[in-house]
There are 2 protein chains.
Amino acid sequence: MASLDRLSLNTATVRAQWSLAECIEGCVRHGIPAIAPWRDKLAELGAERAGRLIRDAGLRVTGLCRGGMFPVAEPSGRQAVIDDNRRAVDEALEIGAECLVLVVGGLPGGSKDIAGAREQVRDGIATLLEYARPSGIPLAIEPLHPMYAADRACINTMAQANDLCDELGAGLGIAVDVYHVWWDPDLEREIRRAGAQRLLAFHVCDWLVPTRDLLTDRGMMGDGVIDIPLIRAWVEAAGYSGACEVEIFSTETWWKRDPDEVLEIMKQRTEVAV
Amino acid sequence: MASLDRLSLNTATVRAQWSLAECIEGCVRHGIPAIAPWRDKLAELGAERAGRLIRDAGLRVTGLCRGGMFPVAEPSGRQAVIDDNRRAVDEALEIGAECLVLVVGGLPGGSKDIAGAREQVRDGIATLLEYARPSGIPLAIEPLHPMYAADRACINTMAQANDLCDELGAGLGIAVDVYHVWWDPDLEREIRRAGAQRLLAFHVCDWLVPTRDLLTDRGMMGDGVIDIPLIRAWVEAAGYSGACEVEIFSTETWWKRDPDEVLEIMKQRTEVAV
């Protein structure tokens, strides 16, 4: 099973309990060698100070969550989205993140045009890449589960993400989150297609049965039905040697627990269920 | 938009309010020319009596919901599943259904082996086809949304359903439900691939934003984000000329309304949003 020196704490896992400063201290206290902050947590400290604290703590930064949200209802809104994404690239650079994770966005207000939203995503990423490439920050498309196609991300499979990488070229890769892709019958093939170059992040949690909420009822590894070791074996066979980043949205369970306990359980489960 | 003479009432839409006998009377009263019962409603009357009532009412039967649920935890459970599916074929014959809809089943108790579940589904359908083919009842695989992969159906895309049809041959087709497939970037291509021969049913409802429950928060056509006329155009371009069957699971809205109002609104929406 996965070794603890591969573990990374995505701050979403304890977002209800801890500030970013507390997450950094928590990682150090529990011997977790890496962190992946969300931008709302980063804003608490500012990227510069956050970067300094993270470096002083000796942590790797396996990603910054998140850029994206490209589709807009009116063309006049596009520049603001690109500007915000550029700031996200700057922040990723400031904190030494290994990639900027993109949650690409869904259907803009009232639209039923998913093909159009996907075109906006492609165009938005193409524009952002011009800014991100010189900075050296890779962009990682995170395909989200199809149940988020309307409101969070209209890139819903690894195949779509790979197609975008084929089209848009260098500087673009994929963040594989088992929660979003475990059901995909083409998963193994598309992970192989992505290869070491494109596989920029690997996120873990679990799919609970029943799942009581579309967004915030994700499970701790081992509590659900995803064969996480199998998917990890696939990404590693494809050449991925990065972190296993734990990202759990869980209003009713993990966001209510003592965060030190959450980190301990994360570590135990990483060794037996990842 | 869709004509009312194409409309079919799936009994799930008013399942909280009406018995099957009331559904049949409701269709007649509202000039809805077709019905698709679920087996729990059928059991109220028995298939023979239900068939007689439906024929006397002059209704088409666009499908019987549902067979399937093939994966089992223990091999000893397989025969019971096949036996129950054979009874479903018999019932479909008895009521003159145009197809038996298959919700194929998910991961059997505690399993994380989705590839294995998919093999069980293939084997189960192959076995059932030997019984269904001589009866003349086509089996319609309904690919379910990936959010049901664990607990309801591990066939989650049109491509998977088409692959199974390729492999298993005559007597097998597909029920396309817009709720389950609208997000699929390969949808148009896979509908074309299915063609008139395989397209056995077309189910409509809508995807609400936000969706508050994974199973029972489906919307009336026009209330969500699915471009239903576009998908209908694709199935018709592929040669489908059957019904538009309205199937809405909705604990909080449509299952609480006066069912005569639900049928009236269904008719209005069929003319403007299907």
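Here the residue index of a chain counts from 1 through its sequence in written order. Chain letters start at A and ligand numbers start at 1, both assigned in the order the entries are written. With the structure being a predicted model, the display of local features is reserved for residues of pLDDT at least 70 and the display and counting of side-chain atom pairs for 80 or more, all residues being used for whole-chain, interface and lining totals. The side-chain figures draw on all heavy atoms in the structure; neither hydrogens nor water molecules are used.

A.B. asks: Teacher, can you tell me more about the confidence of the model for chain A here?
C.D. replies: Residues shown with low pLDDT carry predicted positions that ought not to be read at fine detail. You can read pLDDT as the predictor saying how much it trusts each residue, on a scale of 0 to 100. In this model, chain A carries an average pLDDT of 97, and 100% of its residues clear a pLDDT of 70 or more. The ipTM for the predicted assembly is 0.97, set against a pTM of 0.98.

A.B. asks: Is there a simple way to think about helix α4 (residues 78–94) of chain B in this case?
C.D. replies: Counting along an α-helix, one turn takes 3.6 residues, and residues three or four places apart therefore face a common direction. Residue and element names in this part refer to chain B. We count a stretch as a helix when DSSP gives it H or I for four or more residues in a row; a strand needs E for two or more, and each element gets its number in order from the N terminus. A helix is expected to span 1.5 Å multiplied by its residue count minus one. Helix length check: α4 (17 residues) gives 25 Å between terminal C-alpha atoms against 24 Å at 1.5 Å per residue, within 8%. Listed in full, the buried residues belonging to α4 are V81, I82, N85, A88, V89, E91 and A92. Between two residues, a contact is recorded if the distance between any of their heavy atoms is within 4.5 Å. Looking at the buried positions of α4, the neighbouring elements they touch are α2 (39–45), α3 (47–56), β4 (64–68), β5 (100–103), α5 (114–135) and β6 (139–141). Phi turns positive, to about 70°, at G96, one or two residues after α4. Buried residues are those whose accessible area, probed at 1.4 Å on protein chains only, stays under 20% of the maximum for their type, while exposed residues exceed 50% and partly exposed ones sit between those limits.

A.B. asks: How should the packing of helix α6 (residues 158–168) of chain A against helix α8 (residues 187–198) of chain A be read in this particular structure?
C.D. replies: A packed helix pair is summarised by two numbers, namely the angle formed by the two axes and the spacing between the axes. Residue and element names in this part refer to chain A. Interaxial angle, 0 to 180 degrees, is taken between N-to-C directions of lines fitted to C-alpha atoms, where a helix line uses only the stretch in contact. One can describe the packing of α6 onto α8 by two numbers: an axis separation of 9 Å at closest approach and a directional angle of 35°. Between α6 and α8 lies a crossing of left-handed hand. Residues M158, A159, N162, D163, C165 and D166 of α6 form the contact with α8, whose participating residues are L187, E190, I191, R193, A194 and R198. The handedness criterion is simple: a crossing whose near helix is rotated anticlockwise from the far helix by less than a right angle is left-handed, and one whose near helix is rotated clockwise is right-handed.

A.B. asks: Which parts of the structure should I look at to understand the packing of aromatic side chains?
C.D. replies: Within a pair of aromatic rings, the relevant descriptors are the distance that separates the centres and the angle that separates the planes. Pairing of aromatic rings covers Phe, Tyr and Trp, the last counted by its six-membered ring, and requires centre-to-centre distances within 6.5 Å; plane angles under 30 degrees mean stacked, over 60 mean edge-to-face, and any other angle means tilted. Within this structure, the stated rule accounts for 11 aromatic pairs over all chains. On the numbers, 6.1 Å between centres and 45° between planes, the contact of W182 of chain B with W207 of chain B is tilted. Separated by 25 residues along the polypeptide, W182 of chain B in the loop between α7 (178–181) and α8 (187–198) and W207 of chain B in the loop between β8 (199–204) and α9 (228–237) bring together distant segments of the chain. Here W182 of chain B falls in the buried class, since its relative accessible area comes to 7%. Here the aromatic residues W38, F249 and W255 of chain A are joined through ring pairs into a cluster of three or more.

A.B. asks: Explanation requested: the nonpolar core in the structure shown.
C.D. replies: A general trend in soluble globular proteins is that nonpolar side chains are found buried together. To form a nonpolar core, buried Ala, Val, Leu, Ile, Met, Phe, Trp, Tyr and Cys residues must be joined to one another through side-chain atoms within 4.5 Å. With 197 residues, the main nonpolar core has I125 and W182 of chain A together with I125 and W182 of chain B as its most contacted residues. Sequence-distant contacts of I125 of chain A, defined by excluding residues within four places in its chain, comprise F70, L102, V104, L139, I141, L164, L168 and L172 of chain A.

A.B. asks: So what exactly am I meant to see when it comes to the relation of the copies chain B and chain A here?
C.D. replies: For the least-squares superposition of copies, only C-alpha atoms count, and only for residues with pLDDT at least 70 in both. Under the fitted operation, chain B is carried onto chain A by 0.0 Å of movement along the axis and a turn of 180°, and the coordinates agree to an RMSD of 0.0 Å. Taken together, these values place the two copies in the relation of a two-fold axis. Interface overlap between copies is the fraction of interface residues in one copy that are interface residues in the other; for chain B against chain A it reaches 100%, indicating a shared surface.

A.B. asks: I would appreciate a short explanation of the sheet that holds strand β3 (residues 60–61) of chain B in the present structure.
C.D. replies: Residues and elements named next belong to chain B. Sheet architecture is open: 9 strands sit in the order β3-β2-β1-β9-β8-β7-β6-β5-β4, paired in parallel fashion. Here the strands that pair on one side only, and so sit at the sheet edges, are β3 and β4. When β6 meets strand β7 (residues 172–177), the two strands line up parallel, connected through 3 bridges. In the strand pairing of β7, I141 is matched with I174. The strands touched by α4 are β4, β5 and β6; relative to β4, the strand with the most contacts, the crossing angle is about 155°. Here, a strand pair is defined by DSSP locating no fewer than two bridges between the strands.

A.B. asks: I tried to follow the environment of R212 of chain B on my own but got confused; where do I start?
C.D. replies: All names here are of chain B. Residue position: R212 is located in the loop between β8 and α9. Given a relative accessible area of 51%, R212 falls into the exposed group. In this structure R212 touches D217 and T253, once residues within four positions along its chain are discounted.

A.B. asks: Help me understand the pattern of salt bridges in this model?
C.D. replies: When the charged atoms of two side chains lie near each other, side chains of opposite charge can form a pair. Here, a salt bridge means any side-chain nitrogen of Lys or Arg that lies within 4 Å of a carboxyl oxygen of Asp or Glu. If you walk through the whole model with that rule in mind, you get 48 salt bridges over all chains. Salt-bridge contacts for D151 of chain B lead to R152 of chain B; the nearest nitrogen and oxygen are separated by 3.4 Å. Given the relative accessible area of 27%, R152 of chain B is considered partly exposed. E264 of chain B is the salt-bridge partner of K267 of chain B, the closest N and O atoms lying 3.3 Å from each other. A residue pair is termed a helical-turn pair when its members lie 3 or 4 positions apart in one helix, as K267 of chain B and E264 of chain B do in helix α10 (residues 259–273) at 3 residues. A relative accessible area of 16% means that K267 of chain B is categorised as buried. Salt bridges here are not isolated pairs; linked through shared partners, they connect D163, D166, D186, R189, E190, R193 and R198 of chain A.

A.B. asks: Looking at this structure, how should I read the sheet that holds strand β9 (residues 244–246) of chain A?
C.D. replies: Two orientations exist for strands paired in a sheet by backbone hydrogen bonds: parallel and antiparallel. All names here are of chain A. Strands sit in the order β3-β2-β1-β9-β8-β7-β6-β5-β4 across an open sheet of 9 strands; the sheet is parallel. Sheet topology places β3 (60–61) and β4 (64–68) at the edges, where each strand pairs with a single neighbour. Sheet strands in contact with helix α1 (residues 20–30) are β1 (7–10) and β2 (34–36), and its direction is about 155° off that of β2.

A.B. asks: In this structure, what is going on with the side chain of E142 of chain A? I would like to understand it.
C.D. replies: Residues and elements named next belong to chain A. Assignment of secondary structure puts E142 in the loop between β6 (139–141) and α6. Charge assignment in this entry is limited to Lys and Arg as positive and Asp and Glu as negative, and neither His nor the chain termini are counted. Here E142 occupies a buried position and makes no salt bridge, while the nearest side chain of opposite charge, R218, is found at 5.8 Å. Sequence-distant contacts of E142, that is, excluding residues within four places in its chain, are made with V101, L102, I155, A175, D177, H180, H203 and E247.

A.B. asks: Explanation requested: the interface of chain B and chain A in the structure shown.
C.D. replies: Buried accessible area, meaning the area lost when the parts come together, often serves as the stated size of an interface. Every contact between the two is made by 29 residues of chain B and, on the other side, 29 residues of chain A. Both faces combined, the contact of chain B with chain A buries some 2,200 Å², and carbon together with sulfur accounts for 70% of it. As used here, buried area is the combined drop in accessible area, with a 1.4 Å probe, of two parts when they are placed together. Counting the surface chain B buries against chain A, the share from its top three residues, K112, W183 and L214 of chain B, is 27%. Run the count over chain B and chain A and you get 0 salt bridges.

A.B. asks: Looking at this structure, I do not really get the pairing of β4 of chain B. What am I missing?
C.D. replies: In regular strands, side chains alternate between the two faces of the sheet. All names here are of chain B. When you tally the buried positions in β4, you get 4 out of 5 residues, the bulk of the element. Looking at chain direction, β4 and β5 are connected through 4 bridges and run parallel. Pairing of L64 across the sheet is with L100, part of β5. For the handedness criterion, the β-α-β arrangement of β4, α4 and β5 is classed as right-handed. When the strands point away from the viewer and the connection leading from the first strand across the helix to the second strand turns clockwise, the crossover is called right-handed.

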